[in-house]
Amino acid sequence: MAKRLAVVAVSAAAALVGFSAIPAQALSYDLSTTGAAGRVTYVGNSDWSLHAHDPLTDGHCARYQVKDTDDTSWRWYGDMVCTSTDQYVTGARTSWSVRICRTGVGNCSAAVKL
């Protein structure tokens, strides 16, 4: 019985060491800039869901920009959202960088790396 408990204790300790070595990562990020806002949420399997809204009625819209693992510059990604209603825009992948911007204005939020 003592041998069996020792194996369980060693296995549990190894599992804790392995778990603590994994870096903590947020499950969602709120991004915003003047007039545009969005939420990026981890949905599992290295996939992220991007939602956005833009409450201003000045003709500009919220839209994401991304840099995937092969990009050297920002590119527009997904649909534009021109209403104050939060809407699903598109998906993204872990290791991409994303930010929310306003079309035609040029202001963007700080970027997050997923």
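Fair warning: this is a prediction, and the values are worked out from it, not measured in the lab. Counting of residues starts from 1 at the beginning of each chain's written sequence and follows it residue by residue. In view of the model being predicted, local features appear only for residues whose pLDDT reaches at least 70, and side-chain atom pairs are presented and counted only at 80 or more, with totals across whole chains, interfaces and linings using the full set of residues. Working from all heavy atoms in the structure, the side-chain values ignore hydrogens and water.

### A word on the pairing of strand 2 (residues 36–44)
And step 1. Any two strands between which DSSP finds at least two bridges are classified as paired. Counting from the N terminus, the helices are the DSSP runs of H or I reaching at least four residues and the strands are the DSSP runs of E reaching at least two. Note: strand 1 (residues 28–33) against strand 2, six bridges, orientation antiparallel. Bridge assignment links Asp30 to a residue of strand 2, and that residue is Arg39.
And step 2. Pairing between strand 2 and strand 3 (residues 47–53): seven bridges, direction antiparallel. Its bridge partner being in strand 3, Ala37 is matched across the sheet by His53.
And step 3. Turn length for the strand 2-strand 3 hairpin, with the two strands adjacent in sequence and antiparallel, is two residues, and the turn residue Asn45 shows positive phi of about 60°.

### Quick look at the pairing of strand 1
Every other side chain in a regular strand lies on the same face of the sheet, so the side chains alternate between the two faces.
And step 1. Note on classification: 1.4 Å probe, protein chains only; a residue is buried when its accessible area is under 20% of the maximum for its type, exposed when over 50%, partly exposed between these limits. Side chains Tyr29, Leu31 and Thr33 project from strand 1 onto a buried face, and the interleaved Ser28, Asp30 and Ser32 project onto a face without burial.
And step 2. As consecutive antiparallel partners, strand 1 and strand 2 are separated by two residues, and within that stretch Gly35 has a phi angle of approximately 90°, a positive value.

### Describing the sheet that holds strand 1
And step 1. Pairing is antiparallel in the open sheet, where four strands are placed in the order 1-2-3-6. The sheet is open, and its two borders are formed by strand 1 and strand 6 (87–93), each paired with just one other strand. In this sheet, adjacent strand axes meet at a mean angle of 25° when their direction is disregarded.
And step 2. For strand 3 and strand 6, the ladder comprises six bridges, and the chain directions are antiparallel. From the neighbouring strand, Asp47 faces strand 6, where its bridge partner is Arg93. To get an axis, a line is fitted to the C-alpha atoms, and for a helix only the part in contact is used. The angle between two axes follows their N-to-C directions and goes from 0 to 180 degrees.

None of the figures reported here should be taken as evidence of function without further support.
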